[in-house]
Amino acid sequence: MQIVADLLTATQLSGQEGIRTTSLLTKANLSHSRLSKFLTNLTGAGLINKIEFDGKNTFVITSKGRQYLESYANFSSIAESFGLEL
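All residue numbers here refer to positions counted from 1 along the written sequence of the relevant chain. pLDDT decides what is reported in this predicted model: residues at 70 or higher carry local features, side-chain atom pairs at 80 or more are listed and counted, and totals for whole chains, interfaces and linings draw on all residues regardless. To obtain the side-chain values, all non-hydrogen atoms of the structure were used and water was disregarded.

Turning our eyes to something else, we now look at the sheet that holds strand β2 (residues 48-53). Strand pairing requires that DSSP identify at least two bridges connecting the strands. Secondary structure elements are taken from DSSP: a helix is a run of H or I of four residues or more, a strand is a run of E of two residues or more, and numbering for both begins at the N terminus. The sheet built from 3 strands is open, its strands ordered β1-β3-β2 with antiparallel pairing. One side of each edge strand has no neighbouring strand; the edge strands of this open sheet are β1 (19-20) and β2. In this sheet, strand β3 (residues 56-61) lies alongside β2 in antiparallel orientation, the contact comprising 6 bridges. Counted as the bridge partner of E52 is N57 from β3.

So, in structure tokens, the structure goes:
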């Protein structure tokens, strides 16, 4: 869940221009194959959109992705109030 939240946060911070795969690799500190699996899951769930242009992929967060981040932040806050670390 934390990795998904980190990927969505990085995508959200990139704004409407989106974020490229290389930038996500750097920010998430994941291998390319592992990141590819996460991106497939995130696009399949409708949390991010993949835009292909000139053979390069750019990812933009969707409203559903922003909703996930908000729910994750609420859950994280509740867990911390009980002394749990996520």
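Exposure above 30% relative accessible area and the absence of a salt bridge qualify a residue for a patch, where like charges join within 9 Å and nonpolar side chains (Val, Leu, Ile, Met, Phe, Trp, Tyr) within 5 Å. Reported accessibility uses the Shrake-Rupley method at a 1.4 Å probe radius. Residues are deemed covered only where the shown protein chains occlude them. Any Lys or Arg side-chain nitrogen located within 4 Å of an Asp or Glu carboxyl oxygen qualifies as a salt bridge. Among the surface-exposed residues, M1, F75 and L86 lie close enough to one another that they form a single nonpolar patch of about 330 Å² accessible area. Of note, F75 is situated in helix α4 (residues 63-81).

So, about the nonpolar core. As used in this record, nonpolar core signifies buried Ala, Val, Leu, Ile, Met, Phe, Trp, Tyr and Cys residues forming a set joined through side-chain atoms within 4.5 Å. Only protein chains enter the area calculation, which uses a 1.4 Å probe; residues under 20% of their type maximum are buried, those over 50% are exposed, and those in between are partly exposed. Of all hydrophobic cores here, the largest spans 18 residues; its most connected members are L8 and L24. The set of elements that each furnish at least two residues to this core consists of α1 (2-13), α3 (32-44), β3 and α4. For this core, the element with the highest residue contribution is α1, accounting for 5 residues.

Our focus in this paragraph is the packing of α1 against α3. Look at α1 against α3: their axes get within 11 Å of each other, and the N-to-C directions meet at 80°. Here α1 lies roughly perpendicular to α3, going by the angle between them. Taken together, the residues of α3 that come into contact with α1 (itself represented by I3, V4 and L7) are R34, L35, F38 and L42. Amino acid classes used here: Ala, Val, Leu, Ile, Met, Phe, Trp, Tyr, Cys and Pro are nonpolar; Asp, Glu, Lys and Arg are charged; the rest, including Gly, are polar. Counted by class, the contact of α1 with α3 contains 6 nonpolar, no polar and 1 charged residues. Every angle, taken between N-to-C directions, lies between 0 and 180 degrees, and every axis is a line fitted to C-alpha atoms, over only the stretch in contact when it is a helix. In these notes the angle categories are as follows: under 35 degrees is roughly parallel, over 145 is roughly antiparallel, 65 to 115 is roughly perpendicular, and the rest is oblique. Any two residues having at least one pair of non-hydrogen atoms within 4.5 Å are treated as being in contact.

Moving on, we get to unusual backbone geometry. The backbone of N29 shows a phi angle near 55°, a positive value even though the residue is not glycine. For N29, a relative accessible area of 69% gives the class exposed. Non-glycine residue D54 carries a positive phi angle of around 55°. Accessibility expressed as a relative area gives 65% for D54, which makes it exposed.

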